[in-house]
Amino acid sequence: MTAAANSVLPHRPADRPLVMGVVNVTPDSFSDGGRYFDAAAAITHGRELVAQGADIIDIGGESTRPGAQRPTVQEELARVIPVVEGLAEAGAWISVDTMRAEVAESAVAAGARIINDVSGGLADPQMAVVAARTGAGFVVMHWRGHSHDMQSRAIYDDVTADVCRELADQVGAALDAGVSREQIVIDPGLGFAKTADQNWVLLQHLSAFQQMQLPVLVGASRKSFLARMGSPDGGPVPAEQRDFATAAVSVVLAQAQVWAIRVHDVRSTFAACDVVTHLREARG
Ligand code: PMM
């Protein structure tokens, strides 16, 4: 990773997207539920992802699986802050995956440099204020509501146009709160108030997001719309076996030249990016 110490966001290498590795410090995430709930295990896992080349480590203490119940703010702080502290000097940028301004502010004080808010400022009115005050990077994801009923909100006239417009409104609100454009990253929010079909449409129309002239981050890793990809019997494969399909999506994302890819398995993501780089550079 090449990043000036004082830049707001990590610099994207010319030949591949940045790779954001996920560390979920939760008992119930759909993708790696409970494996890194213990702070020491989470820190060890984060260090492994850095050793594998992750440019950014995304640390979250709230599961956003459909139907999940929210932890209290104290529970979330107790999960996230020790892990941020433990990884702050590990050699990657740290992002904190939270919808709470209080957690974001404490995480930035503990060493996080990016606030990854899956609600894009909508869940907590203080979030954009904290982003503005801290000057941290700010991932604004498209969002329509909390997990317990988000899938009932997956109704669009034109999913790409609607998501772009709503995301532009979220970005506008962040700018109004004093966040600078240089801090902002946008994310279409695959799986958040979207059906499987809608996720595929969004992946097909990434250029619509790129036309917003902001860095684009995409998180498809292990999500349920990939559950049946390559399934031998047509049934859903467990989340941890979805890294093959995730890597295939990463090829698409690298070809589209997105800014960053959010994944659980960093190694297969680098392999996917290498394939795209070699294909692009092939001569003869
Ligand atoms: N997805 C999840 C959590 N955080 N953050 C961003 N910016 N984009 C995403 O798509 C996203 C996210 C849900 O996945 P997980 O439970 O495996 O972390």
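Conventions we followed
Residues numbered from 1 in each chain as written. Predicted model: local features only at pLDDT ≥ 70, side-chain atom pairs only at ≥ 80, totals over all residues. Heavy atoms only, no water. Phe/Tyr/Trp six-rings, centres within 6.5 Å; stacked < 30°, edge-to-face > 60°. Helix = DSSP H or I, 4+ residues; strand = E, 2+ residues; numbered from the N terminus. Core = buried A, V, L, I, M, F, W, Y, C linked by side-chain atoms within 4.5 Å. Buried < 20%, exposed > 50% of the residue type's maximum accessible area, 1.4 Å probe, protein only. Pairing = 2+ DSSP bridges. Axes fitted to C-alpha atoms, helices over the stretch in contact; angles between N-to-C directions. Contact = heavy atoms within 4.5 Å. Expected span 1.5 Å × (residues − 1). Salt bridge = Lys/Arg side-chain N within 4 Å of Asp/Glu carboxyl O. Parallel < 35°, antiparallel > 145°, perpendicular 65-115°, else oblique. Left-handed = near helix turned anticlockwise from the far one by under 90°. Nonpolar A, V, L, I, M, F, W, Y, C, P; charged D, E, K, R; others polar. Right-handed = clockwise from strand over helix to strand, strands pointing away. Polar contact = N/O pair within 3.5 Å; in protein donor to acceptor, adjacent residues only side chain to side chain.

Another aspect to go through is the packing of aromatic side chains. Per the counting criterion, the structure on display carries 1 aromatic pair. Pairing W200 with F225 gives two aromatic rings, centres 5.0 Å apart and planes at 70 degrees, and the pair type is edge-to-face. Taken together, the positions of W200 in helix α6 (residues 196-204) and F225 in the loop between β7 (217-219) and α8 (243-255) put the pair 25 residues apart, joining distant regions of the chain.

For the rest of this paragraph, the subject is the nonpolar core. Counting residues in hydrophobic clusters, the biggest one holds 77 residues, and the most contacted among them are I57, I59, I115, F138, I186 and F209. Residue contributions to this core peak at 7 residues, all from helix α2 (residues 73-87).

On to the sheet that holds strand β8 (residues 260-263), then. Read across the sheet, 8 strands follow the order β6-β5-β4-β3-β2-β1-β8-β7 without closing on themselves; strand pairing throughout is parallel. Each having just a single partner strand, β6 (184-187) and β7 make up the two edges of the open sheet. When the angles between neighbouring strand axes are averaged without regard to direction, this sheet yields 25 degrees. Where strand β3 (residues 93-97) meets strand β4 (residues 114-117), 3 bridges bridge the pair, whose relative direction is parallel. Across the sheet, V96 pairs through a bridge with I115, a residue of β4. Lying on the sheet, helix α1 (residues 39-51) is in contact with β1 (18-24) and β2 (56-60); it crosses β1 at an angle near 165 degrees. Packing of α2 onto the sheet brings it into contact with β1, β2 and β3, and relative to β2 it is tilted by some 160 degrees.

With respect to the element layout, T98 can be found in the loop between β3 and α3 (101-109). The exposure class of T98 is buried, given its relative accessible area of 2%. Other than its neighbours up to four places away in sequence, T98 contacts E76, V103, A104, N116, D117, V118 and M127.

What follows deals with helix α5 (residues 159-176). The end-to-end C-alpha separation of α5 is 25 Å, in line with the 26 Å expected for 18 residues at 1.5 Å each. Those residues of α5 hidden inside the fold are in contact with α4 (127-134), β5 (137-141), β6, α6 and α7 (206-210).

This model, assessed by the stated rule, comprises 10 salt bridges. A salt bridge links D58 to R262; the nearest nitrogen and oxygen atoms lie 2.9 Å apart. One end of the pair, D58, is in strand β2; the other, R262, is in strand β8, with 204 residues separating them in the sequence. Neither D58 nor R262 differs from the other in exposure class; each is buried.

So, about the environment of Q213. Residue placement: Q213 occurs in the loop between α7 and β7. With 28 residues separating them in the primary sequence, Q213 and V185 have C-alpha atoms 9.7 Å apart.

With that out of the way, let us pick up the packing of α2 against α3. With their axes 10 Å apart at the nearest point, α2 and α3 run at an angle of 20 degrees to one another. Between α2 and α3, the angle is such that the two are roughly parallel. In this structure, α2 crosses over α3, and the sense of that crossing is right-handed. Contact residues: α2 offers V73, E76, L77, V80, I81 and V84, while α3 offers E102, V103, S106 and A107. Across the contact of α2 with α3, the residue classes break down as 7 nonpolar, 1 polar and 2 charged.

Burial analysis of β5 places 5 of its 5 residues in the buried class, which makes it a mostly covered element. Along β5, one buried face is formed by G137, V139 and M141 and the opposite face, lined by F138 and V140, is buried too. Note: β4 against β5, 4 bridges, orientation parallel. Along β5, the bridge assignment pairs N116 with V139. Bridge count for β5 against β6 is 4 bridges, and the pairing is parallel. If you follow M141 over to β6, its bridge partner there is D187. Note that the unit made of β5, α5 and β6 has a crossover that is right-handed.

Quick look at the environment of D233 now. Along the chain, the position of D233 falls in the loop between β7 and α8. Judged by its relative accessible area of 67%, D233 falls in the exposed class. A distance of 2.9 Å separates a polar side-chain atom of D233 from the backbone nitrogen of G235.

Now for the side chain of S221. Looking at the element boundaries, S221 is found in the loop between β7 and α8. The buried category is assigned to S221, whose relative accessible area is 3%. Side chain to side chain, S221 and H264 meet in a polar contact 2.6 Å long.

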